[in-house]
Amino acid sequence: LGSGNGCITKELLANISSDCRLISIELNSNFEQYLKSISDHRFIYKIDSAENLTEILKKLGIIKVDYIISSLPFKIIPDKIEENIYNEIKKISTDDLIFIHYSYFHSQKKKLLKLFQHIKVNFEMMNFPPAFVFVCKNTSKSSR
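Before going into details, it helps to say that this report is about the structure given with it. Worth saying up front: this structure is predicted, and the values here are computed from it rather than measured.

The rules behind the values
- Residues numbered from 1 in each chain as written.
- Predicted model: local features only at pLDDT ≥ 70, side-chain atom pairs only at ≥ 80, totals over all residues.
- Heavy atoms only, no water.
- Core = buried A, V, L, I, M, F, W, Y, C linked by side-chain atoms within 4.5 Å.
- Buried < 20%, exposed > 50% of the residue type's maximum accessible area, 1.4 Å probe, protein only.
- Helix = DSSP H or I, 4+ residues; strand = E, 2+ residues; numbered from the N terminus.
- Contact = heavy atoms within 4.5 Å.
- Phe/Tyr/Trp six-rings, centres within 6.5 Å; stacked < 30°, edge-to-face > 60°.
- Lys NZ or Arg CZ within 6 Å of the ring centre and 35° of its normal.

Quick look at the nonpolar core
- Ranked by internal contacts, the top residues of the largest apolar core, which has 26 residues, are Leu 1, Leu 53, Ile 68, Ile 89 and Phe 116.
- Among the elements of the structure, β1 (22-26), α3 (53-60), α4 (79-92) and β6 (131-137) are those that each provide at least two residues to this core.
- Top contributing element to this core by residue count: α4, with four residues.
- Each residue touching Ile 89, except ones within four places of it in the same chain, is listed here: Leu 1, Leu 53, Ile 68, Phe 99 and Phe 116.
- If you look at the next biggest cluster of nonpolar residues, it comprises five residues, including Leu 13, Leu 22, Ile 38 and Phe 43.

Written as C-alpha coordinates, this is what we have:
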(Lines give C-alpha, C1' and ligand atoms only; values in the text may rest on other atoms or scores of the structure.)
Protein backbone atom coordinates (compact mmCIF):
# COMPACT_ATOMS: atom_id res chain seq x y z
CA LEU A 1 0.00 0.00 0.00
CA GLY A 2 1.48 3.31 -1.07
CA SER A 3 4.17 2.11 -3.44
CA GLY A 4 5.33 5.56 -4.47
CA ASN A 5 8.09 5.39 -7.05
CA GLY A 6 8.56 1.64 -6.58
CA CYS A 7 11.89 1.68 -4.77
CA ILE A 8 10.78 -0.80 -2.10
CA THR A 9 8.62 -2.65 -4.64
CA LYS A 10 11.73 -3.48 -6.66
CA GLU A 11 13.49 -4.79 -3.56
CA LEU A 12 10.49 -6.94 -2.68
CA LEU A 13 10.44 -8.41 -6.18
CA ALA A 14 14.15 -9.19 -5.90
CA ASN A 15 13.49 -11.16 -2.73
CA ILE A 16 10.24 -13.07 -3.30
CA SER A 17 9.80 -16.45 -4.93
CA SER A 18 8.75 -16.94 -8.53
CA ASP A 19 5.27 -18.13 -7.57
CA CYS A 20 4.43 -15.04 -5.51
CA ARG A 21 2.40 -12.10 -6.71
CA LEU A 22 2.98 -8.55 -5.59
CA ILE A 23 -0.05 -6.28 -5.81
CA SER A 24 0.70 -2.60 -5.45
CA ILE A 25 -1.91 0.04 -4.69
CA GLU A 26 -0.89 3.65 -5.16
CA LEU A 27 -3.31 6.58 -5.07
CA ASN A 28 -1.04 9.19 -6.64
CA SER A 29 -1.12 8.79 -10.43
CA ASN A 30 2.11 10.80 -10.68
CA PHE A 31 3.91 7.59 -9.65
CA GLU A 32 2.33 5.49 -12.40
CA GLN A 33 5.22 6.09 -14.79
CA TYR A 34 7.60 4.48 -12.31
CA LEU A 35 5.31 1.54 -11.59
CA LYS A 36 4.63 1.00 -15.28
CA SER A 37 8.37 0.66 -15.88
CA ILE A 38 8.62 -2.35 -13.53
CA SER A 39 8.60 -5.33 -15.85
CA ASP A 40 7.95 -8.46 -13.82
CA HIS A 41 5.23 -11.08 -14.38
CA ARG A 42 4.63 -11.26 -10.62
CA PHE A 43 3.84 -7.54 -10.30
CA ILE A 44 0.43 -5.89 -10.68
CA TYR A 45 -0.19 -2.28 -9.80
CA LYS A 46 -3.43 -0.36 -9.41
CA ILE A 47 -3.78 3.40 -9.25
CA ASP A 48 -6.50 3.48 -6.63
CA SER A 49 -7.16 4.07 -2.96
CA ALA A 50 -6.29 1.54 -0.27
CA GLU A 51 -9.89 2.16 0.82
CA ASN A 52 -10.80 -0.17 -2.05
CA LEU A 53 -8.42 -2.95 -1.05
CA THR A 54 -10.96 -5.78 -0.78
CA GLU A 55 -12.67 -4.83 -4.04
CA ILE A 56 -9.33 -4.67 -5.88
CA LEU A 57 -8.33 -8.09 -4.58
CA LYS A 58 -11.74 -9.52 -5.45
CA LYS A 59 -11.45 -8.26 -9.05
CA LEU A 60 -8.01 -9.88 -9.28
CA GLY A 61 -9.37 -13.18 -7.94
CA ILE A 62 -7.18 -13.07 -4.85
CA ILE A 63 -8.77 -14.70 -1.84
CA LYS A 64 -5.84 -14.83 0.59
CA VAL A 65 -3.10 -12.35 1.36
CA ASP A 66 0.02 -13.34 3.28
CA TYR A 67 1.55 -9.91 3.75
CA ILE A 68 0.52 -6.29 3.53
CA ILE A 69 3.40 -3.86 3.37
CA SER A 70 2.44 -0.25 3.85
CA SER A 71 4.14 3.07 3.55
CA LEU A 72 0.92 5.04 3.75
CA PRO A 73 1.43 8.42 5.43
CA PHE A 74 -1.33 7.88 8.01
CA LYS A 75 -0.28 11.00 9.92
CA ILE A 76 -1.55 13.22 7.06
CA ILE A 77 -4.46 11.04 5.90
CA PRO A 78 -7.85 12.29 7.16
CA ASP A 79 -9.14 10.23 10.09
CA LYS A 80 -12.19 8.87 8.22
CA ILE A 81 -10.05 7.63 5.30
CA GLU A 82 -7.54 6.10 7.72
CA GLU A 83 -10.41 4.32 9.48
CA ASN A 84 -11.73 3.05 6.13
CA ILE A 85 -8.30 1.68 5.22
CA TYR A 86 -7.95 -0.07 8.57
CA ASN A 87 -11.43 -1.57 8.07
CA GLU A 88 -10.31 -2.91 4.69
CA ILE A 89 -7.26 -4.49 6.30
CA LYS A 90 -9.48 -6.03 8.99
CA LYS A 91 -11.69 -7.58 6.31
CA ILE A 92 -8.82 -9.59 4.86
CA SER A 93 -6.94 -10.28 8.08
CA THR A 94 -6.29 -13.87 9.03
CA ASP A 95 -4.10 -15.32 11.76
CA ASP A 96 -1.43 -15.80 9.10
CA LEU A 97 -1.44 -12.24 7.76
CA ILE A 98 1.61 -10.15 8.55
CA PHE A 99 1.19 -6.39 8.24
CA ILE A 100 4.40 -4.40 7.91
CA HIS A 101 4.11 -0.65 8.10
CA TYR A 102 6.88 1.87 8.09
CA SER A 103 6.34 5.32 9.46
CA TYR A 104 8.24 8.26 10.82
CA PHE A 105 5.97 8.38 13.88
CA HIS A 106 5.96 5.92 16.76
CA SER A 107 2.45 7.07 17.71
CA GLN A 108 1.06 4.85 14.92
CA LYS A 109 1.52 1.88 17.23
CA LYS A 110 -1.56 2.81 19.30
CA LYS A 111 -3.81 2.57 16.24
CA LEU A 112 -2.18 -0.64 15.05
CA LEU A 113 -2.84 -2.26 18.43
CA LYS A 114 -6.56 -1.94 17.67
CA LEU A 115 -6.04 -4.25 14.67
CA PHE A 116 -3.27 -6.60 15.73
CA GLN A 117 -2.43 -8.52 18.90
CA HIS A 118 1.33 -8.61 18.38
CA ILE A 119 3.48 -5.73 17.21
CA LYS A 120 7.23 -5.69 16.98
CA VAL A 121 8.74 -2.25 16.47
CA ASN A 122 12.08 -1.78 14.77
CA PHE A 123 13.84 1.52 14.21
CA GLU A 124 15.78 1.98 10.99
CA MET A 125 18.49 4.59 11.46
CA MET A 126 19.89 4.11 7.94
CA ASN A 127 16.69 5.46 6.40
CA PHE A 128 16.51 9.20 5.80
CA PRO A 129 14.73 10.33 7.78
CA PRO A 130 14.99 7.44 10.25
CA ALA A 131 11.82 5.35 10.32
CA PHE A 132 9.89 3.00 12.56
CA VAL A 133 9.01 -0.38 11.10
CA PHE A 134 5.99 -2.06 12.67
CA VAL A 135 5.65 -5.81 12.11
CA CYS A 136 2.12 -6.77 13.11
CA LYS A 137 0.23 -10.06 13.35
CA ASN A 138 -2.58 -11.70 15.26
CA THR A 139 -0.85 -14.91 16.25
CA SER A 140 2.52 -15.70 17.73
CA LYS A 141 2.60 -19.07 15.96
CA SER A 142 3.76 -17.71 12.61
CA SER A 143 7.15 -18.94 11.48
CA ARG A 144 7.73 -16.07 9.04
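Thoughts on the packing of aromatic side chains
- All told, the structure shown has six aromatic pairs when counted by the stated rule.
- On the basis of an interplanar angle of 50° and a centroid distance of 4.8 Å, the ring pair of Phe 123 and Phe 132 is categorised as tilted.
- These aromatic residues form a ring-pair network of at least three members: Phe 123, Phe 132 and Phe 134.
- The aromatic ring of Phe 105 is capped on one face by Lys 75, whose charged end is 5.4 Å from the ring centroid.

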